[in-house]
Amino acid sequence: FKNFETEYSYFKSAFPSFVNFDQSKDNLRFLAKKLAEKEMVPRLFHCCGLEDAVTYKAGKDFIDFLKSETQIEILYSEENGGHNWEFWNPYIYEAFKFFGFEIKKPIY
């Protein structure tokens, strides 16, 4: 988000069904803070293409939030690419390794 507070307010007004969005299971910031209060928190893996017009700004904002306001371990990677499988495919294997699984990469 360019301006998180403005866009967040717009989101809440655009979806009135989220009356209690600030403290709902749909609010990732709320969930992250709740998890950070517990002794056991998840490890997260996130990758994003710099040309990803769909999620780059929101994802980067969320990553910055996690790093500054929680103790959640996150492996974050960004590089050239868009919001598509061509970008994501190589990262699928990296995510599996991050979570302790070993799989063989297919030969393309």
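Within every chain, residues take consecutive numbers counted from 1 along the sequence as written. Predicted model: local features are reported for residues with pLDDT of at least 70 only, side-chain atom pairs are reported and counted for 80 or more only, and whole-chain, interface and lining totals are derived from all residues. For the side-chain quantities, the full set of heavy atoms in the structure was used; hydrogens and water were omitted.

(A) Seen up close, helix α3 (residues 56–69). Numbering of helices and strands starts at the N terminus; helices are DSSP runs of H or I of at least 4 residues and strands are runs of E of at least 2. Expected span, for any helix, means 1.5 Å times one less than how many residues it has. Compared with an ideal rise of 1.5 Å per residue, which puts 14 residues at 20 Å, α3 spans 20 Å between its outermost C-alpha atoms and is within 8% of the ideal. Remark: exposure states derive from per-residue accessible area (1.4 Å probe, protein chains only) relative to the maximum for the residue type, with buried under 20%, exposed over 50%, and partly exposed in between. Along α3, the residues classified as buried are Y56, G59, F62, I63, F65 and L66. Against the buried residues of α3 lie α2 (28–36), β1 (43–49) and β2 (73–79). Only heavy atoms enter the contact rule, under which two residues are in contact if any of them lie within 4.5 Å.

(B) Representation of the packing of aromatic side chains in the model. In summary, the pairing rule links any two rings of Phe, Tyr or Trp, Trp by its six-membered ring, whose centres are within 6.5 Å, and it sorts them by plane angle into stacked for under 30 degrees, edge-to-face for over 60 and tilted for everything else. A full pass over the atoms with the stated rule returns seven aromatic pairs. A centroid spacing of 5.9 Å and a plane angle of 50 degrees characterise the contact between F45 and F98, whose relative ring orientation is tilted. In this pair, F45 sits in strand β1 while F98 sits in helix α4 (residues 85–98), placing the two residues 53 residues apart along the sequence. Judged by relative accessible area, F98 falls into the buried class, the value being 12%. By way of ring pairs, the aromatic residues F45, F87, Y91, F98 and F99 are connected into one cluster. Charge-over-ring contacts are defined here by two conditions on Lys NZ or Arg CZ: a distance within 6 Å of the ring centre and an angle within 35 degrees of the ring normal. The side chain of R43 reaches across the aromatic face of F98, ending 3.9 Å from its centre.

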